[in-house]
Amino acid sequence: MATKESGKKPTDSRKKTGKKNPTGKKKAKSPAGADTPVAPDDVIFIKGARMHNLKNIDVAIPRNKMTVVTGVSGSGKSSLTMDTLFAEGQRRYAESLSAYARQFLMRMDKPDVDYIRGICPAIAIEQKVTTRTPRSTVGSMTEVYDYLRLLFARAGRTYSPVSGKEVKKDNVTDVVDFIQQLPEGTKVQILVPLITRYGRSIAEELNILMQKGFSRVYITGNGTGGPIRIEDILDSTEAIDISGKKKKQKIYLLIDRIVVKPFDEDDLHRLADSIQTAFYESEGDCLIETDGQKLYNFNNRFEADGIVFEEPAPNLFSFNNPYGACPECEGFGQVLGIDEDLVIPDKTLSVYEGAVVCWRGEKMGEWQTAFIRNAARYQFPVHKPVADLSATEYDLLWNGNDQIEGIRAFFDMVGQNLYKIQYRIMQARFRGRTTCPSCMGARLRREALYVKVSGQTISTLMTMPATELYDWLQQIKLTPHEQAIGKRILTEINQRLQTLLDVGLGYLTLSRAANTLSGGESQRIQLTRFLGSNLTDSLYILDEPSIGLHPRDTSRLISVLKSLRDLGNTVVVVEHDEMMMREADHIIDMGPLASHLGGEVVATGHYKELEKHPESLTGQYLSGKLRIDPPGEVRKPGGFISLQGCRQHNLKGIDADFPLNLLCVITGVSGSGKTTLVKQTLYPALLKHFGAGGERPGLHRSLTGDLHRITSVEMVDQNPIGKSSRSNPVTYIKAWDEIRKLFARQPLAKMRGFAERHFSFNTDGGRCDTCKGEGEVTVEMQFLADVHLLCESCKGKRFKDEVLEITYREKNVYDILEMSVDEAIEFFHSEKKIKTALQPLADVGLGYAKLGQSSNTLSGGEAQRVKLASFLGRHSGKEKILFIFDEPTTGLHMHDIRKLLQSFNALIDNGHSVIVIEHNTDVIRSADWIIDLGPEGGAGGGHLLYAGAPAGIKKSKESLTAQYLIEN
């Protein structure tokens, strides 16, 4: 249901369809007797929501159900779910805390809503990547690593790197048990080494021991062994050497002596006390001599083979803590050193072919010649590509041996000659971020890697894909004591790993850095963390969780969301995916269009009810009345760009041909290698070809083809178009520059000496001095959220009064900023440059957006389309750009996807080429060329399954994409 502020009759889709309200109950009146509905117990009722473009709407969301909120891009979905529902849930929680506690929390604005009833604790999982720090990993984000640290700290066993034996601390019980196991009648002496402290002589030390109550020492060696009274030693120093000059003679303090027999309770108490005394007097040692023949050493220090080990503790396994982090790389896993990828940039070459770049040239080539000459005696294959070398062969190339000098020896020589400038230049040329030689990328100090659980170190587990780690945990072998410790820990780990597998991320390793994840992967990892907590009676709000998901993985995600609902939670999903809508219990369709033309509830109900609703754009697409038809004629390639031998990450040495002058879609399941192939290999390789800076291209043999047919390459992502709140679409596409010129040409502006800069809200001159062109002033509050007030000087109009007096056709600059794109195109119909600059925004479906709308209020899809519009505005016939789009349908309704495809066609008609990484079946069908990777994600992916026209992919038996295209 929806109520407009304009005074018109409320729009209620149920009256038109004849359906009851979603709760099946009648509206109740408020206690005051007004017509305000009271929320029943089984719904969350939002009354009078007015955030952003919401038009004072009332919405009922069923509790303990899965509700999908859909609608065109910019219709108000996020305003309703995130900015209203979630914000109010969080604010209420924060307001329940003390004022002291609130000052440490993020201050939260109160959403513009009359009230929300029936709301429960809210958890929001947004689509953006939440962290960019290189320290954050998949393991830390899912909390699996935190539980693994606890498991290793409590159930881990430390092994000596010297002997391989387990390192243990001996306690009193261990020594007592050892004595009890000796044959009956064995004479046992409990001894400790005689220690002289504080520079005292042995005689002085013996005197102090006598005062403590000890009466005997035990001397071995030189035929004078046995217990001797301390008094006798002090009286007759000639008989026994107590100076320690006779090396074969050793002196111990005798703590106790006993004959092994069936001990009673008093005997055991006596033994325990004596052993405890021995550990104390010797600062950790206790020696047991049996029958004067054999000496057994016990100590309660954590040491073995002359090495003192660190006792396992959770912080020992944390690379974010100075105690556990590798001291050389400080927990990053990488250091600045000789970069292997710079030394051997093309691993498809052999050593004989000059793969080692630093060994090229007349003088440095002597190293290569010497290596090749000596390689035969060690069967090193000098003609084999470096990428195909075994681990042993690769190690020989780098580290050499006694007979062969490898690459390390070469750079040691360079380091010794740094006083010469040519060697300093050479070292700088090959320096870069490389794996830490101390921890080998494990990020932890060496002592942490001595600890194992069931034979595995924690770094080994971190490098396993989640599927392998889950299987290993099912087969883990623990002692009964370790099982008792690890039972709860393993339950928590298994729950999170199972969820990670359920949402299609089983190919990820726990050591994968968070800043290398896509938005969809990041969101699903957050989902894993929240699901692992098993909360009930909570409100989960997910913003397009199907981003980056192949249809195969979307069905898995739906099962996870249903299990979350079945636990007794309310699940609200902002989504456009048809599969998700079919499985939802309830759908809320926002619209009818976007921005100021949206903000209403067009229809509510089940999937079948939405199909029959005549005003619902979503319903018309679901029913098939509206559809995205594939092109009638497939374009022919205008050439190809070829990548050969792609081996980055999981790519299996594939050769890929990318066609030009058409729409090419790269598809495949999550983790199949799409991003690796396009974003990490093709895009950086093309940048390098055009001489632009950027990341190093992924491992590949060569880039060839019709490179002369393109002039540049552009990556169009969904990052915001500007960080400043003053940034907006009209400034991004440079249309505001023409508008400022127009106002500067007005007669009154010339009389007052106003230039173009006076009509800019980004520079001083004409903008309001109080709010600096923001239109509002922020008042900081100590305990509450900051308050945003309308600027008293300019009344929210951003400019000074004398600037606002300059008009064009009775409109000043503020009036222009308040216009929508469509209105502005009509208004400036006689100004060709302005109209031409604004037209691309309308062409990409942003005609509803206001010219002055702040960029931080744009969705990811809208930001991407603004960037697309800026490229559409380029009409240079000389430019032939290759555009790369990474999942451009993110945040787009089916109606918006149709407009997006029209924009792609416009780019291609202008002579450009478009490559799209995408899972949406409508986009795949509309492609001229498909490159399908797979068949699975991670190690099971990286194969090229199909390349060609869309019609041919249905014949591919391995392709999961083909199966879903056939089904639909």
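This one's a predicted model, so the numbers in the text were calculated from it and none came from an experiment.

**Q** Tell me about the overall build of the protein chain, residues and numbers included.
**A** For the protein chain, the count of helices and strands is 35 helices and 33 strands. Its C-alpha atoms put the protein chain at 120 × 90 × 65 Å along the principal axes. Long-range contacts, defined here as pairs at least 24 residues apart, represent 68% of the contacts in the protein chain between residues at least 6 apart. As displayed, the protein chain offers around 45,000 Å² of accessible surface, 48% of which is attributable to carbon and sulfur atoms. A distance of 4 Å separates the average location of the 123 positive side-chain charges in the protein chain from that of its 121 negative side-chain charges.

**Q** So what's going on with the state of the cysteines? Which residues, and what values?
**A** Evaluation of the coordinates by the stated rule reveals zero disulfides. A disulfide-free cysteine, C646 has its sulfur positioned 13 Å from the sulfur of C664, the nearest such atom. The buried category is assigned to C646, whose relative accessible area is 0%. Here C791 is not cross-linked by a disulfide; its sulfur's nearest cysteine counterpart is in C794, at 3.7 Å. In this structure C791 comes out as buried when scored by relative accessible area, which is 1%.

**Q** I'd like a description of the packing of helix α16 (residues 466-474) against helix α17 (residues 480-502), backed by residues and values.
**A** In contact at an axis separation of 10 Å, α16 and α17 are set at 145° when each is read in the N-to-C sense. Taken as a pair, α16 and α17 cross one another with a handedness that is left-handed. Residues A466, T467, L469, Y470, L473 and Q474 of α16 form the contact with α17, whose participating residues are L490, I493, N494, L497, Q498, L500 and L501. Classifying every residue of the contact of α16 with α17 gives nine nonpolar, four polar and no charged.

**Q** Report on the environment of K169, specifying residues and quantitative values.
**A** Along the chain, K169 turns up in the loop between β7 (166-167) and α6 (172-180). In this structure, the C-alpha to C-alpha distance between K169 and P614, residues 445 residues apart in sequence, is 77 Å. Sequence-distant contacts of K169, defined by excluding residues within four places in its chain, comprise D174, N299, N300, R301, F302 and E311. Here E311 takes part through its side chain, which lies 3.2 Å from a polar atom of the side chain of K169.

**Q** A description of the confidence of the model for the protein chain should follow, citing residues and the corresponding values.
**A** A residue-level look at the protein chain finds 90% of positions with pLDDT of 70 or above and a mean pLDDT of 85. Predicted confidence is poor over residues 1-36, with pLDDT under 50, and the contacts of this stretch with residues over four places away or in other chains come to 61 contacts.

**Q** Just give me the short version of the pattern of salt bridges, but keep the residues and values in it.
**A** Enumeration according to the criterion identifies 50 salt bridges in this entry. Close ionic contact of E88 with R91 constitutes a salt bridge, the shortest N to O distance being 2.9 Å. Highlighted residues: E88 and R91, both in helix α2 (residues 77-95), separated by three residues, approximately one helical turn. Like R91, E88 is buried. Each of E143, R488, E492 and R496 takes part in salt bridges that share partners, so that together they form one network.

**Q** Break down the pairing of strand β31 (residues 913-917) for me, citing the residues and quoting the values.
**A** Taken across its five residues, β31 has five buried, putting it largely inside the fold. Residues of β31 alternate between two faces, with S913, I915 and I917 on one and V914 and V916 on the opposite face, all of them buried. When strand β25 (residues 663-667) meets β31, the two strands line up parallel, connected through four bridges. Residue pairing in the sheet places C664 in a bridge with I915 of β31. Handedness of the crossover joining strand β30 (residues 881-886) and β31 through helix α32 (residues 894-909): right-handed.

**Q** Explain the environment of V716 residue by residue, including any values.
**A** Position of V716 relative to the elements: it lies in strand β27 (residues 712-716). Since its relative accessible area comes to 0%, V716 is described here as buried. Separated by 344 residues in the primary sequence, V716 and I372 have C-alpha atoms spaced 47 Å apart. Beyond its immediate stretch of four places on either side in the chain, V716 contacts Q864, K867, F871, F883, I884, F885 and D886.

**Q** Now, about the sheet that holds strand β2 (residues 57-62): what can you tell me, with residues and values included?
**A** Backbone-to-backbone hydrogen bonds pair the strands of a sheet. The strands run either parallel or antiparallel. With antiparallel pairing, the three strands of this open sheet are ordered in space as β2-β1-β4. Since the sheet does not close on itself, it has two edges, and those belong to β2 and β4 (115-117), each with one partner. Taking each pair of neighbouring strands and ignoring which way they run, the sheet shows an average axis angle of 10°. Bridge analysis of strand β1 (residues 43-49) against β4 gives three bridges, and the strand direction is antiparallel. Bridge pairing in β4 places K47 opposite Y115. The strands that α2 touches are β1, β2 and β4; relative to β1, the one it contacts most, it runs at about 110°.

**Q** Which residues make up unusual backbone geometry, and what values do they have?
**A** Note the cis peptide between G591 and P592, where omega equals 0°. Residue placement: P592 occurs in the loop between β21 (586-591) and β22 (600-605). Following G934, the chain continues into P935 via a peptide bond in cis, with omega recorded as 0°. Its identity as a non-glycine residue notwithstanding, D291 has a phi of 55°, on the positive side. Along the chain, the position of D291 falls in the loop between β12 (285-290) and β13 (294-299). Overall, the relative accessible area of 38% leaves D291 in the partly exposed class.

**Q** Can you break down the packing of helix α5 (residues 144-155) against α17 residue by residue, with the values?
**A** Remark: α5 packs on α17, axes separated minimally by 9 Å, with the N-to-C direction vectors making an angle of 165°. Between α5 and α17, the angle is such that the two are roughly antiparallel. Along this stretch, α5 crosses α17, giving a crossing that reads as left-handed. Taken together, the residues of α17 that come into contact with α5 (itself represented by V144, Y147, L148, L150, L151, R154 and A155) are E482, I485, G486, I489, L490, E492, I493, R496 and L497. Class assignment of the residues belonging to the contact of α5 with α17 gives a composition of eleven nonpolar, one polar and four charged.

**Q** Pulling in residues and values, what's your account of the sheet that holds β7?
**A** Within the open sheet, the three strands sit side by side as β7-β6-β18. Their pairing is antiparallel. Single-partner strands in this sheet number two, and they are β7 and β18 (451-452). The pairing of strand β6 (residues 157-159) with β18 spans two bridges and is antiparallel. Along β18, the bridge assignment pairs R157 with K452.

**Q** Run through the side chain of E831, naming residues and quoting values.
**A** Along the chain, E831 falls in the loop between α29 (821-827) and α30 (832-843). For E831, the side chain forms a polar contact with the side chain of Y808, separated by 3.2 Å. Setting aside its immediate chain neighbours within four residues, E831 contacts L742, R745 and Y808.

**Q** For the packing of aromatic side chains, give the residues involved together with the corresponding values.
**A** Counted by the stated rule, this structure contains 23 aromatic pairs. Here F309 and Y450 contribute two aromatic rings whose centre-to-centre distance is 5.7 Å and whose plane-to-plane angle is 75°, an arrangement assigned as edge-to-face. Here the residue F309 occupies a position in the loop between β15 (307-308) and β16 (334-338), and Y450 occupies one in the loop between β17 (431-435) and β18, the gap between them amounting to 141 residues. There is no split in this pair, since F309 and Y450 are both buried. Judged by centre distance (4.9 Å) and plane angle (70°), the ring pair of F871 and F883 falls under edge-to-face.

**Q** Summarise the pairing of strand β5 (residues 122-125); cite the residues concerned and give the values.
**A** Both faces of β5 are covered, namely the face carrying A122 and A124 and the face carrying I123 and I125. Of the strand pairs in this sheet, β5 and strand β19 (residues 539-543) are connected by four bridges, and their pairing is parallel. Note on β19: the bridge partner recorded for I125 is L542.

**Q** So what's going on with the nonpolar core? Residues and values would help.
**A** Core analysis: the largest hydrophobic core is formed by 138 residues, its most contacted members being F828 and L838. F828 has contacts with I739, L742, Y808, I816, I834, K835 and L838, leaving out every residue within four places of it along the chain. With 32 residues, the next largest nonpolar core counts V217, I251, F263 and C286 among its residues.

What counts and what doesn't
- Positions within a chain are numbered from 1, following the residues in the order the chain's sequence is written.
- Owing to the predicted nature of the model, reporting of local features is limited to residues with pLDDT of at least 70; listing and counting of side-chain atom pairs is limited to 80 or more, with chain, interface and lining totals taken over all residues.
- Excluded from the side-chain calculations are hydrogens and water; all other atoms, namely the structure's heavy atoms, are used.
- Secondary structure elements are taken from DSSP: a helix is a run of H or I of four residues or more, a strand is a run of E of two residues or more, and numbering for both begins at the N terminus.
- Here a residue-residue contact requires only that any non-hydrogen atoms of the pair lie within 4.5 Å.
- A 1.4 Å probe and the Shrake-Rupley method give the accessible areas. Residues count as covered only by the protein chains that appear here.
- Residues scored as positive are Lys and Arg, those scored as negative are Asp and Glu, and His as well as the terminal groups of each chain are ignored.
- A charged residue contributes its charge at one atom only: NZ of Lys, CZ of Arg, CG of Asp or CD of Glu.
- When the sulfur atoms of two cysteines come within 2.5 Å, that pair is taken as a disulfide.
- When accessible area is computed with a 1.4 Å probe and restricted to protein chains, residues below 20% of their type maximum are described as buried, those above 50% as exposed, and intermediate ones as partly exposed.
- What counts as an axis is a line fitted to C-alpha atoms, over the stretch in contact for a helix, and the angles between N-to-C directions run from 0 to 180 degrees.
- In this scheme, a crossing is called left-handed if the near helix is turned counterclockwise away from the far one by less than a right angle; it is called right-handed if the turn is clockwise.
- Residue polarity follows a fixed list, in which Ala, Val, Leu, Ile, Met, Phe, Trp, Tyr, Cys and Pro are nonpolar, Asp, Glu, Lys and Arg are charged, and the others, Gly among them, are polar.
- Within 3.5 Å is the distance limit for a polar contact, defined as a pair of N or O atoms, with the added protein rule that one can donate a hydrogen and the other accept it, and that residues adjacent in sequence qualify only through two side-chain atoms.
- By definition, pLDDT measures how confident the predictor is in each residue, and it falls between 0 and 100.
- Criterion for a salt bridge: a side-chain nitrogen of Lys or Arg within 4 Å of a carboxyl oxygen of Asp or Glu.
- Strands are treated as partners if at least two bridges between them are detected by DSSP.
- Orient the strands so they point away from the viewer; a crossover is then right-handed if the path from the first strand over the helix to the second runs clockwise.
- Any angle that falls under 35 degrees is termed roughly parallel, while one over 145 is termed roughly antiparallel, one within 65 to 115 roughly perpendicular, and all others oblique.
- Any two of the Phe, Tyr and Trp rings considered here, Trp counted by its six-membered ring, make a pair once their centres fall within 6.5 Å; the pair's planes then place it as stacked at under 30 degrees, edge-to-face at over 60, or tilted in between.
- Put simply, a nonpolar core is a bunch of buried Ala, Val, Leu, Ile, Met, Phe, Trp, Tyr and Cys residues held in one set by side-chain atoms that sit within 4.5 Å of each other.

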